[in-house]
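Take a look at the letters that make up each chain.
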Number of protein chains: 2
Amino acid sequence: MRTRLKDVAERAGVSVKTVSNVVNDYVHVSPELRAKVTQALEDLGYRPNLSARNLRRGRSGMIALALPSVHGPYFSELAHLIVREAEQHDLTVLIDCTYGELTREQTVAEGFRTHLIDGIILCPWQLGAADLRKREDTTPLVLLGERVSYGADAVAIDSRAVGQAATEHLLSIGRRRIGVMRHLPRNTGGVVGKIRLDGYKRALAAAGLEFDPTLVASVDRAHGLDAKVATDALLDLPEQIDALFCFNDELALVAMRRLYERGYRVPDDIAVIGVDGIAAGATITPTLSTIVPDKQQIAAEAVRMLVERIEGEPDDGARRVKAGFTLLPRESTMGLKRVRRGPRRSTKQAARS
Amino acid sequence: MRTRLKDVAERAGVSVKTVSNVVNDYVHVSPELRAKVTQALEDLGYRPNLSARNLRRGRSGMIALALPSVHGPYFSELAHLIVREAEQHDLTVLIDCTYGELTREQTVAEGFRTHLIDGIILCPWQLGAADLRKREDTTPLVLLGERVSYGADAVAIDSRAVGQAATEHLLSIGRRRIGVMRHLPRNTGGVVGKIRLDGYKRALAAAGLEFDPTLVASVDRAHGLDAKVATDALLDLPEQIDALFCFNDELALVAMRRLYERGYRVPDDIAVIGVDGIAAGATITPTLSTIVPDKQQIAAEAVRMLVERIEGEPDDGARRVKAGFTLLPRESTMGLKRVRRGPRRSTKQAARS
DNA sequence: CTGTTAGCGCTTTCAT
DNA sequence: ATGAAAGCGCTAACAG
């Protein structure tokens, strides 16, 4: 048995309350007693029992973050930002992987770590509006993404605007035959995919171009359709594409590799743009043009809304926050940085190890 | 106030104990009572209060995973695997970011979420053996990495062997002037870096080559020495290098970019190898040769050891587990896959969207 | 300013 | 097989 408040109290010759006061940094404690207590605390190596405290306080200071995965550049960065943000509010994040599975998502939405977590941030892939409507658990919940459109606070980027911006960028550099590579259906493919595709169509229309459904390739791992196969499908079209809009950067990386393998040059033959702004996109050659969602904003808004609910924001309907994004034109659309051939000295004096 | 065990008991007309038995799937409950209780449970939408349960049981089923960051390809994958692994043991993982800061690492090692977590997995960057020795908290602790060599269970890959394997690979393809790029000091640069460098030296010695300290470039962000600058330093040496061993894949990616910018071809002019096996390495061109630590094993061993400690494994000294790794030779050392020039049909019939 | 005391909701002897 | 009751360690309401 570890030392309890009571043990400390006995040792210091004071009451439990006083010790508690010291531990919790209450103001009204005489300096002498405080000193005595602090000493006893030290001597005994007291560690509060958070379970007991939480039980008593009815709050734990923990929130759950449920993501399809913490692996992968997008979610790992998001998780990181949310952890940081939560810290600002003295909240600890408990991470849960749903693997995008419906049952797990339901478990999270429906009574999950009850009374142990004060709130939940969930990024659903399969969960539907119906699930949310019949939700009985009252733990505050904030959703990430546009997938579900009912019953809880949510923060998401405007996928239509994203699709439109990417397409417009490609159009602006003179491309007219723009292939699209999207995920189906467990990823950005579902609702988000549709909306993004919608933005693509809209941009085409605005440019007076007709939408050609054969230009849309779908990656569907369940059916063995990976990004490589999808790229091939697009390349094997009778009329050659001159640009490729990938719904995320990882797809774009694979596609660019495939383009290389088949002898196409990026962006000369085919310009490529992705979405997410993963780190690798900045270092590969050509560097990858991309649309970067404002993840910091997503994290901040999600935590903010959750905290508000926890603090007792009246549940007057679900709130919906749109997060921003930035188009980052790089070499995969704008052209390669000129290269100095041969081993030469850098223009700037280079530092030695 | 949410419904408690007591409420359910009243509704079902039984005692609290019986309800508890049902909730906990105890055996000796008559079918009729069980049915009644189950019904009441449903009706009232009972959710157990985990804080109370944990207080009573003296266990929480949660472990903390403290990493410098969850962002970044290496740690995010490791985190993912540990979460998975913990799940197998009915443990929930609570993630904590230390940012590699000493005070945070100390906080984690020393009474952190006391009695709320059953154990800790910590990947320290700064924490020293002294910190561990004077550790008073008794929460089971498992360390990740070779940084700290005293006072707690640890699992790590053999950095010397890694350094040696990478170097030998470079030597085996005929390279003789092998540059090294390492991190200082908060990253793999400290202890691990030294050990890895040791492996490098050893491999050189075995090949009858002399160690040339000018071939070692150090990346040190604190002093504005990024991977680009370090690459330049290596390239500007009087005698040209023909290979580059980067202590992690992210450095290697940046280095390869810089090599491109300065007109060197990989691997023809300079072969490059990294460590970690990040995903992007498989898709960039040239694909990145790398050494892949067996992260699955690291995760499994860490959780296993922790669980053993939690279950009361006698503390008879710290245990040390070495995890394996694999050398993955790819294009950045072995040469580019041949490219079919011009838009041609793929050999295999490509699938259409 | 400090001490006493009553629970928080649950599990768990100990009876029955 | 089920019930009554005693705490787990802490906080907070209430006295003093």
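Criteria and cut-off values
Residues numbered from 1 in each chain as written. Chains lettered and ligands numbered in written order. Predicted model: local features only at pLDDT ≥ 70, side-chain atom pairs only at ≥ 80, totals over all residues. Heavy atoms only, no water. Domains from an automatic or database assignment. Contact = heavy atoms within 4.5 Å. Buried area = accessible area lost by both parts, 1.4 Å probe. Polar contact = N/O pair within 3.5 Å; in protein donor to acceptor, adjacent residues only side chain to side chain. Helix = DSSP H or I, 4+ residues; strand = E, 2+ residues; numbered from the N terminus. Expected span 1.5 Å × (residues − 1). Buried < 20%, exposed > 50% of the residue type's maximum accessible area, 1.4 Å probe, protein only. Near = heavy atom within 4 Å. Nonpolar A, V, L, I, M, F, W, Y, C, P; charged D, E, K, R; others polar. Salt bridge = Lys/Arg side-chain N within 4 Å of Asp/Glu carboxyl O.

Quick look at the domain arrangement of chain A now. All names here are of chain A. When cut into domains, chain A gives domain 1 (5–48), domain 2 (57–156 + 296–323) and domain 3 (159–294 + 326–347). Measuring from the centre of the C-alpha atoms in domain 2 to the corresponding centre in domain 3 gives 30 Å. With 12 residues of domain 2 at the contact, the number on the domain 3 side is 13 residues. Regarding the contact of domain 2 and domain 3, the summed buried area is about 1,100 Å², with carbon and sulfur atoms giving 49% of it. Viewed at the interface, domain 3 and domain 2 are joined by 4 residue pairs in polar contact (both at pLDDT 80 or more).

Looking now at helix 8 (residues 159–172) of chain B. Residue and element names in this part refer to chain B. In a regular helix each residue adds 1.5 Å, so 14 residues correspond to 20 Å; helix 8 covers 20 Å between its end C-alpha atoms and thus fits that length. For helix 8, the tally of buried residues reaches 10 of 14 residues, placing the bulk of the element in the interior. At the exit of helix 8 stands G174, carrying a positive phi of roughly 90 degrees.

On to the protein's contact with DNA strand C, then. Around DNA strand C sit 24 residues, and of these T18(A), S30(A), L5(B), Y46(B) and R56(B) come closest. When atoms of DNA strand C within 4 Å of the protein are sorted by moiety, sugar and phosphate together comprise 66%. The contact in question runs from a phosphate oxygen of DNA strand C to an N or O atom on the backbone of N49(B), over 3.2 Å. Sorting the residues of the surface near DNA strand C by element identifies helix 2 (16–23) and helix 4 (50–57) of chain A together with helix 2 (16–23) and helix 4 (50–57) of chain B as the ones contributing at least two each. In terms of residue class, the surface near DNA strand C is made up of 11 nonpolar, 7 polar and 6 charged.

Looking at DNA strand D, there are 24 residues lining it, with L5(A), Y46(A), R53(A), R56(A) and T18(B) nearest. In DNA strand D, the atoms that sit within 4 Å of the protein are 70% sugar and phosphate, with bases accounting for the remainder. One nitrogen or oxygen atom from the main chain of L5(A) is found 2.6 Å from a phosphate oxygen belonging to DNA strand D. R56(A) places a side-chain nitrogen or oxygen 2.6 Å from a base oxygen of DNA strand D. Within the residue set of the surface near DNA strand D, elements represented by two or more residues are helix 2 and helix 4 of chain A together with helix 2 and helix 4 of chain B. Across the surface near DNA strand D, the residue classes break down as 11 nonpolar, 7 polar and 6 charged.

Now for the side chain of E146(A). Residues and elements named next belong to chain A. Along the polypeptide, E146 turns up in the loop between strand 4 (141–144) and strand 5 (153–157). A polar atom in the side chain of E146 sits 2.4 Å from the side chain of S159. Here K322 takes part through its side chain, which lies 3.3 Å from a polar atom of the side chain of E146. With residues near it in sequence (within four places) discarded, E146 still touches A156, I157, D158, S159, V191, V192, I195 and K322.

Let's shift gears to the interface of chain A and chain B. Taken residue by residue, the interface counts 79 residues in chain A and 79 residues in chain B. Carbon and sulfur atoms make up 52% of the area that chain A and chain B hide from each other, which totals about 7,200 Å². It is R47(A), H115(A) and R257(A) in chain A that bury the most area against chain B; as a group they hold 10% of the surface buried on that side. The interface formed by chain A and chain B holds 8 salt bridges in total. Here E87(A) and R104(B) are joined by a salt bridge, their closest N and O atoms 3.1 Å apart. Seen at the junction of chain A and chain B, the total is 19 residue pairs in polar contact (both at pLDDT 80 or more). When residues of the side of chain A that touches chain B are traced back to their parent elements, those giving at least two are helix 4, helix 5 (73–88), strand 2 (92–97), strand 7 (216–219), helix 10 (227–235) and helix 11 (249–261) of chain A.

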